[in-house]
Amino acid sequence: MPGINEKKVVMIIANQNFRDEELQKPKEILEGKGAKVTIASSSLTKARGMLGATANPDVLYNKIKVQDYDAVVFVGGSGASEYWNDPTAHAIAKECVKNGKLLGAICVAPVTLANAGVLTGKKATVWSSEGGKLKAKGVNYTGADVQEDGQIITADGPTSAAKFGDALVKKLAK
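Sequence order as written defines residue numbering, which begins from 1 separately in each chain. The predicted nature of this model means local features are confined to residues of pLDDT at least 70 and side-chain atom pairs, given and counted, to a pLDDT of 80 or more, with totals for whole chains, interfaces and linings taken over all residues. Side-chain numbers come from the whole structure's heavy atoms, not from hydrogens or water.

1. Considerations on the sheet that holds strand β2 (residues 16-18)
Threshold: When DSSP finds two or more bridges between two strands, those strands count as paired. The numbering of helices and of strands both runs from the N terminus, where a helix is a DSSP run of H or I of at least 4 residues and a strand a run of E of at least 2.
The mixed open sheet is built from three strands, whose spatial order is β2-β4-β5. Each of the sheet's edge strands pairs with one partner strand only, and the pair in question is β2 and β5 (54-55).

If you want it as structure tokens, here you go:
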């Protein structure tokens, strides 16, 4: 797989209850191929994952400048629902699409993208319990483990975290 040196990726996590491997695995894969990964959250205090992992956010998500990144990734976990109806998170997703940036979301985080309106008419996947939320927003919910549609990549959960990371790298390398 080609390297993605100098590519910049921001991963947006919940401050509490992000899903550990949905942050760690794609981050490890992205950094292993040369990307610079920034962690964003709703607080700069130490973030805690559902399984006990911690992460130190680099930036507040509402301070993200989309133009500074090649990709924006919304990480799942039960805490990710804090962004589902968040106007700032929606604006970030819309700006990614408008500017042709790579946009990713895993687990329950694709609900944020659906609520932002960026998945309407597109193929996407999500943690199975939330499939109805995508369908209600006009999304072609596929139920796949990883789903690509243009510059948007969605994944269904922690067991797909590595495949999701690989898909992000492959798309960034193009």
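On we go from here.
2. Thoughts on the sheet that holds strand β12 (residues 152-155)
Put simply, the rule is: Here, residues are in contact when the closest pair of their heavy atoms is within 4.5 Å. Lines fitted to the C-alpha atoms define the axes, with helices restricted to the stretch that makes contact. Angles between their N-to-C directions range from 0 to 180 degrees.
Ordered by their spatial adjacency, seven strands build an open sheet running β6-β3-β1-β7-β8-β12-β11, and the pairing between neighbours is mixed. Looking at which strands have only one partner, the edges of the open sheet turn out to be β6 (59-60) and β11 (146-149). Here strand β1 (residues 8-12) pairs with strand β7 (residues 71-74) via four bridges, running parallel. Bridge pairing in β7 links V9 to A71. Packing against the sheet, helix α1 (residues 20-32) makes contact with β1, β3 (36-41) and β8 (102-106), and its axis sits at approximately 175° to β1. Each of β1, β7, β8, β11 and β12 is contacted by helix α5 (residues 161-172), which is oriented at about 180° to β8, the strand it contacts most.

Geometry only, nothing functional implied.
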